[in-house]
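# Fold and contact review
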Amino acid sequence: DTGVSQNPRHKITKRGQNVTFRCDPISEHNRLYWYRQTLGQGPEFLTYFQNEAQLEKSRLLSDRFSAERPKGSFSTLEIQRTEQGDSAMYLCASSLVHYNSPLHFGNGTRLTVT
Amino acid sequence: GESVGLHLPTLSVQEGDNSIINCAYSNSASDYFIWYKQESGKGPQFIIDIRSNMDKRQGQRVTVLLNKTVKHLSLQIAATQPGDSAVYFCADLGYQKVTFGTGTKLQVIP
């Protein structure tokens, strides 16, 4: 399977704990995106990278959230001191850098904060 | 992209009939649109795209129509099948990121 891969698929954690998710993009894709999706809503943009540079962060991304893409390949999204409101599906997508290049999404990590 | 929204939250269609899902956008500068299909528990799956220099684009059983005058998109699915049941999003892809609307849930009645 050469699509976008996300791990883990599901994560249940207690409030206050830290969690980290991983995304492996399609190998030739320079751009990597993180989105968050809650039930009944469309995905909301969080942040994106071009190679290893983080080029934009949404106001949704509080200081408890940090994303990295150290070598321009896989990326991690960490949430510190999780809150119940962080419960959501976290989606990763990748694309080529060219204008009008569609995003290809992984199947997400479902986070439940108890 | 700016606001991209959908007219109807739920659409029920008889199996074998054609489905039409509508979408409005507000940014007149938008020039590239994508339709995604999202099944339960999965990420959005690319279906078809269209650039603003086109009015219509066809894929396998799907057609996207773009009306720039009224800033409206539609996705037509021919001979709707049970496997088409999902939430469909139109999305506006600017240079940097995709902006999604809430989505339309398509329910196929056997």
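In this text, all values refer to a predicted model and were calculated from it rather than measured experimentally.

## Description of the layout of surface pockets
In this model, the largest pocket occupies a volume close to 480 Å³. As for the largest pocket, its lining consists of 22 residues, and the residues nearest its centre are Gln37, Leu39 and Gly40 of chain A together with Gln38 and Val87 of chain B. Elements that contribute at least two residues to the lining of the largest pocket include exactly β9 (86–93) and β11 (104–109) of chain B. Counted as a void, the second largest pocket has a volume near 200 Å³. Looking at the second largest pocket, the residues that line it are Lys37, Gln45, Phe46, Ile47, Gln60, Arg61, Val62, Leu75, Ile77, Asp84 and Tyr88 of chain B. Elements supplying a minimum of two residues to the lining of the second largest pocket: β5 (45–51) and β8 (72–77) of chain B. No other element matches the three residues that β5 of chain B contributes to the lining of the second largest pocket.

## Points about the packing of aromatic side chains
Residues and elements named next belong to chain A. What the rule picks out here adds up to 13 aromatic pairs over all chains. An angle of 75 degrees between the planes, with centres 5.8 Å apart, marks the rings of tyrosine 35 and phenylalanine 45 as edge-to-face. Separated by 10 residues along the polypeptide, tyrosine 35 in strand β4 (residues 31–37) and phenylalanine 45 in strand β5 (residues 44–50) bring together distant segments of the chain. The buried category is assigned to tyrosine 35, whose relative accessible area is 0%. Given a relative accessible area of 9%, phenylalanine 45 falls into the buried group. The ring centre of phenylalanine 74 lies 3.9 Å from the NZ or CZ of arginine 22, which sits over that ring.

## Here's the deal with the pairing of β9 of chain B
All names here are of chain B. By the criterion of burial, β9 is predominantly enclosed, with seven of the eight residues buried. In terms of strand pairing, β9 meets β11 through three bridges, oriented antiparallel. Paired with tyrosine 88 across the strands is threonine 104, a residue of β11. In the sheet, β9 pairs with strand β10 (residues 98–100) via three bridges, with the strands oriented antiparallel. Of the residues in β10, the one forming a bridge with leucine 93 is valine 98.

## Considerations on the interface of chain A and chain B
Chain A puts 23 residues into the contact, and the matching count from chain B is 21 residues. Taking both partners together, chain A and chain B bury about 1900 Å²; carbon and sulfur atoms supply 51% of that area. If you sort the residues of chain A by the area they bury against chain B, Tyr99, Asn100 and Phe105 of chain A come out on top, with a joint share of 28%. Taken together, the links from chain A to chain B amount to zero salt bridges. At the boundary of chain A with chain B, the tally comes to five residue pairs in polar contact (both at pLDDT 80 or more). When residues of the side of chain A that touches chain B are traced back to their parent elements, those giving at least two are β4, β5 and β9 (88–95) of chain A. Partitioned by chemical class, the residues of the side of chain A that touches chain B number 12 nonpolar, eight polar and three charged.

Definitions and limits used
- Residues numbered from 1 in each chain as written.
- Chains lettered and ligands numbered in written order.
- Predicted model: local features only at pLDDT ≥ 70, side-chain atom pairs only at ≥ 80, totals over all residues.
- Heavy atoms only, no water.
- 1 Å grid on protein atoms, 1.4 Å probe; cavity = no way out; pocket = protein on both sides within 12 Å on 5 of 7 lines; lining within 4 Å.
- Points joined across faces, edges and corners; volume = space filled by probe spheres on them.
- Helix = DSSP H or I, 4+ residues; strand = E, 2+ residues; numbered from the N terminus.
- Phe/Tyr/Trp six-rings, centres within 6.5 Å; stacked < 30°, edge-to-face > 60°.
- Buried < 20%, exposed > 50% of the residue type's maximum accessible area, 1.4 Å probe, protein only.
- Lys NZ or Arg CZ within 6 Å of the ring centre and 35° of its normal.
- Pairing = 2+ DSSP bridges.
- Contact = heavy atoms within 4.5 Å.
- Buried area = accessible area lost by both parts, 1.4 Å probe.
- Salt bridge = Lys/Arg side-chain N within 4 Å of Asp/Glu carboxyl O.
- Polar contact = N/O pair within 3.5 Å; in protein donor to acceptor, adjacent residues only side chain to side chain.
- Nonpolar A, V, L, I, M, F, W, Y, C, P; charged D, E, K, R; others polar.

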